[in-house]
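# Structural features, examined
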Amino acid sequence: MEELKRAACAAIDEHRGAIVGLAEKIWARPESGFKEHETARLVAGFFKDIGLPCREGLALTGVRAELNGAQPGPGLALLGELDAIILPGHPAADPVTGAVHACGHHAQIAGLLGAALALSRPGVMDKLSGRVILMAVPAEEYLELEFRRQLARENKIRYLGGKQELIRLGHFDDVDLAMMIHTGSGRKASLRTSMNGFTSHYARFMGRASHAGAFPHLGINALNAASLALQAVHSQRETFPDGQHVRVHSIIRKGGESVNTVPADVQVETMVRAKTIEAVLDASRKTRRCYRAGALAVGGRVDVEAMPGYMPLNDCRAMAEVFQRNVRQFVGADSIGESGHMASSTDMGDVTQIMPATHPTLGGAEGNAHSADFHVVDPDLAYVVPGKVMAMCAIDLLCGGAGLARDIVGKNPPMLSRSAYFRMLEEQAISETHDYMEDAAR
């Protein structure tokens, strides 16, 4: 195995310039979720240049290539994310779209392509059993919801997250375990234990427009309804169970039409997060009840659409240990830690519900993710080393008849069957209307 690992890492070192150059090209051309057409073309072109046939256009923009070992065995997916976030205040943000890779997904793609180079080196896969599935996946960042909801209305997607769509379309059906490395700050590695799941709400409060100065008594103020609803959510916080890391956070997408007219159309977007799906559903129910209370208080109407967000992440400890053994030589044993539970969310959580998977962090950046100060300062650690580590982990897992991979799969049964997973998503899809305008008229 050590000889295979050296050969794999040597392949990456020989093409370091190409890997770094491609990462910087993606950094310079950020695209948000389900719009990553140029980024996907770069990934597909790279696969083809190294002799790997690939499938394109998966869940609109995803790209998949595959490497086969000498003997049958488990399927190991190595993942990288294509999309950027929207952060207009970042100095590198696209001046038109506001998109920027301030979460390091461009580095994930560099690592994925480095691993592809390493494992496609002649002689490497000949010593392995099973398959390595290399997937560049779209739309991890949960944003631009109206755009995504329109895609869903047009039947171009069903779910609003990229990995969810890939799972729905069957692109994970032949995958038994999965791995992805996130970019972090500093010169360290971190093992993730768990992360929050969430559901998403879109609430439209409707009232009656009227002149705000002359005839406010003839109007029904939808902004007041929304404000009361959000205050009611705050009053629920003491009811959220300790240890469940519940987060309910909202923005007002539309606050009315003009300041001299009683607002009649106010739109609120909310994320309800928690450590377990049970806690997510409980907090979601309470939040929807608060929307109803706001509409009732002013005699208005509220249309609520609850949409499945991402499932909680439960990292596979056995796979994390494989990562830990291989990353040690690049950062040192003293620079490997554990993040514990994180209250943020990722659609990698959905993958961890249906198979053993790990999603550790490796440094190379500076600043905080999703902030204006985030940027890569160590190209080798951010772009080059992740590919080496993923390739080395793949060799550990699939060498010797894929004994380690088989053992992990056997000892870590999925938390949800595929059918139970989809049933759980569908149960979160709720549309309801509460109309109290007739009561107000009486």
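The preceding data block contains the structure.
These lines cover the structure that appears in this document, whether it is placed above or below. Chains are numbered independently. Their residues run from 1 in the order of the written sequence. For a predicted model such as this one, the threshold for reporting local features is a pLDDT of at least 70, and the threshold for listing and counting side-chain atom pairs is 80 or more; totals across whole chains, interfaces and linings nevertheless cover every residue. Only hydrogens and water are set aside; all other atoms, that is, all heavy atoms of the structure, feed into the side-chain values.

Here we take up the overall build of the chain. A run of H or I in DSSP counts as a helix once it spans at least four residues, and a run of E counts as a strand once it spans at least two, with each numbered from the N terminus. For the chain, the count of helices and strands is 13 helices and 19 strands. The C-alpha atoms of the chain give 24 Å as radius of gyration, which agrees with the globular expectation for 442 residues (22 Å, within 12%). Along the first, second and third principal axes, the C-alpha set of the chain runs to 80 × 45 × 40 Å. Relative accessibility thresholds used throughout: buried, under 20% of the residue-type maximum; exposed, over 50%; partly exposed, between the two (1.4 Å probe, protein chains only). A buried classification covers 57% of the 442 residues belonging to the chain. Here a residue-residue contact requires only that any non-hydrogen atoms of the pair lie within 4.5 Å. Long-range contacts, defined here as pairs at least 24 residues apart, represent 80% of the contacts in the chain between residues at least 6 apart. The Shrake-Rupley method, run with a 1.4 Å probe sphere, supplies the accessible areas, and residue values consider only the shown protein chains as cover. About 17400 Å² of surface is accessible on the chain, with carbon and sulfur atoms providing 51% of the total. Within this scheme the basic residues Lys and Arg register as positive and the acidic residues Asp and Glu register as negative, but His and the chain ends are omitted. Charge positions come from single atoms, namely NZ of Lys, CZ of Arg, CG of Asp or CD of Glu. Of note, the chain has its 46 positive side-chain charges centred 2 Å away from the centre of its 51 negative side-chain charges. We take the radius of gyration over the C-alpha atoms and set the globule estimate at 2.2 Å times the residue count to the 0.38 power.

Further remarks concern the layout of surface pockets. Taking a probe equal in size to a water molecule and rolling it over the atoms shows the remaining empty space. In the cavity and pocket records, a cavity denotes points on a 1 Å grid over the protein atoms alone where a 1.4 Å probe fits but cannot get out, a pocket denotes an open set with protein on both sides within 12 Å along at least 5 of 7 lines, and lining residues are residues with an atom within 4 Å of a point. Grid points are joined across faces, edges and corners, and a volume is the space filled by probe spheres set on the points. Put simply, the largest pocket is a space of about 1000 Å³. In terms of lining, the largest pocket is formed by 45 residues, of which the most central are Cys103, Glu141, Ser344, Ser345 and His370. The set of elements that each furnish at least two residues to the lining of the largest pocket consists of strand E4 (85-86), strand E8 (182-185), strand E9 (189-195), strand E10 (197-206), strand E11 (247-254), strand E12 (265-274), strand E15 (336-342) and strand E17 (361-366). For this scheme, ten residues count as nonpolar: Ala, Val, Leu, Ile, Met, Phe, Trp, Tyr, Cys and Pro. Four count as charged, namely Asp, Glu, Lys and Arg, and the remainder, Gly too, count as polar. Its residues assigned to classes, the lining of the largest pocket comprises 17 nonpolar, 19 polar and 9 charged. Considered as a void within the structure, the second largest pocket measures approximately 320 Å³ in volume. Taken together, 15 residues make up the lining of the second largest pocket; nearest its centre are Ala152, Arg158, Glu305, Met307 and Pro308. Broken down by element, the residue count for the lining of the second largest pocket peaks at 4 residues, all from strand E13 (residues 301-308). The residue inventory of the lining of the second largest pocket, partitioned by class, reads 9 nonpolar, 1 polar and 5 charged.

Turning our eyes to something else, we now look at the sheet that holds strand E7 (residues 177-179). At least two bridges found by DSSP between two strands is the condition for calling them paired. Strand order across the open sheet formed by 6 strands is E1-E2-E6-E3-E7-E16, with mixed pairing between neighbours. Looking along the sheet, the strands with just one partner apiece sit at the ends: strand E1 (54-58) and strand E16 (357-358). Pairing geometry for strand E3 (residues 71-81) and strand E6 (residues 129-137), over 8 bridges, is parallel. Bridging across to E6, Glu81 finds its partner in Val137.

The subject of this paragraph is the side chain of Glu165. Secondary-structure assignment places Glu165 in helix H6 (residues 162-168). When residues no more than four places from it in sequence are discounted, the contact partners of Glu165 are Phe34, Ala59, Lys156, Ile157, Arg158 and Tyr159.

A few words now on the packing of aromatic side chains. A pair of aromatic rings is counted whenever rings of Phe, Tyr or Trp (Trp by its six-membered ring) have centres within 6.5 Å, and the orientation is called stacked for planes under 30 degrees apart, edge-to-face for over 60 and tilted otherwise. Using the criterion set out here, one finds 6 aromatic pairs in the structure. Pairing Phe198 with Tyr310 gives two aromatic rings, centres 5.0 Å apart and planes at 65°, and the pair type is edge-to-face. Of this pair, Phe198 sits in strand E10 while Tyr310 is found in the loop between E13 and strand E14 (313-314), placing the two residues 112 residues apart along the sequence. As far as burial versus exposure is concerned, Phe198 and Tyr310 are alike and both buried. Between Phe205 and Tyr291 the ring centres are 6.1 Å apart and the planes differ by 80°, which places this aromatic pair in the edge-to-face class. Taken together, the residues span a long stretch of sequence, with Phe205 in strand E10 and Tyr291 in helix H8 (residues 277-298) at a distance of 86 residues. Note on accessibility: Phe205 and Tyr291 belong to one class, buried. What links up through ring pairs into an aromatic cluster is the set Tyr142, Phe198 and Tyr310. Across from the ring centre of Phe147, 4.5 Å away, lies the NZ or CZ of Lys35, which sits over that ring. Note that Arg149 overlies the ring of Tyr202, its terminal NZ or CZ placed 4.2 Å from the centroid. Note on geometry: a ring has a charge over it if NZ (lysine) or CZ (arginine) is within 6 Å of the ring centre and within 35 degrees of the ring normal.

A few words on the side chain of Thr287. Its place among the elements puts Thr287 in helix H8. Those residues in contact with Thr287, other than ones at most four positions away along the chain, are His201, Val233, Val248, Thr270 and Val272.

In the sections that follow, a salt bridge refers to a side-chain nitrogen of Lys or Arg positioned within 4 Å of a carboxyl oxygen of Asp or Glu. Applying the stated rule across the entire model yields 34 salt bridges. Measuring nitrogen to oxygen at the nearest pair gives 3.7 Å for the salt bridge that ties Lys5 to Glu2. Linking Lys5 with Glu2, this pair stays in helix H1 (residues 2-14), spanning 3 residues, or about one helical turn. For Glu2, a relative accessible area of 48% puts it in the partly exposed group. A salt bridge links Arg131 to Asp174; the nearest nitrogen and oxygen atoms lie 3.4 Å apart. Of the two residues, Arg131 sits in strand E6 while Asp174 sits in the loop between H6 and E7, which places them 43 residues apart along the sequence. If you follow the salt bridges from partner to partner, you end up with Arg64, Glu66, Arg131 and Asp174 in one network.

Enumeration according to the criterion identifies 1 cavity of 30 Å³ or more in this entry. Approximately 40 Å³ is the volume attributed to the largest cavity. Together, Ala107, Gln108, Ile181, His182, Thr183, Leu362, Gly363, Leu381, Ala382 and Pro386 line the largest cavity. Those elements that provide at least two residues to the lining of the largest cavity are helix H4 (105-119), E8, E17 and helix H11 (379-411). When residues of the lining of the largest cavity are assigned to their parent elements, the largest contribution, 3 residues, is made by H11. Across the lining of the largest cavity, the residue classes break down as 6 nonpolar, 4 polar and no charged.

Right, let's get into the packing of helix H9 (residues 317-331) against H11. Each pair of packed helices can be summarised by the angle the axes make with each other and by the distance between the axes. As a packed pair, H9 and H11 sit with axes 9 Å apart at the nearest point and diverge in direction by 135°. The pairing of H9 with H11 is recorded here as oblique in orientation. Between H9 and H11 lies a crossing whose hand is right-handed. Judged by residue contacts, Ala318, Met319, Val322, Phe323, Arg325, Asn326, Val327, Gln329, Phe330 and Val331 of H9 engage Leu381, Val385, Lys388, Val389, Met392, Cys393, Asp396, Leu397, Leu404 and Ile408 from H11. Residues belonging to the contact of H9 with H11 are distributed by class as follows: 15 nonpolar, 2 polar and 3 charged. Angular values range over 0 to 180 degrees, each being the angle between N-to-C directions of two axes fitted as lines to C-alpha atoms, with helices fitted over their stretch in contact. Throughout, the term roughly parallel applies to angles under 35 degrees, roughly antiparallel to angles over 145, roughly perpendicular to angles from 65 to 115, and oblique to all others. The sense of a crossing depends on the near helix, which, turned anticlockwise from the far helix by less than a right angle, makes the crossing left-handed and, turned clockwise, makes it right-handed.

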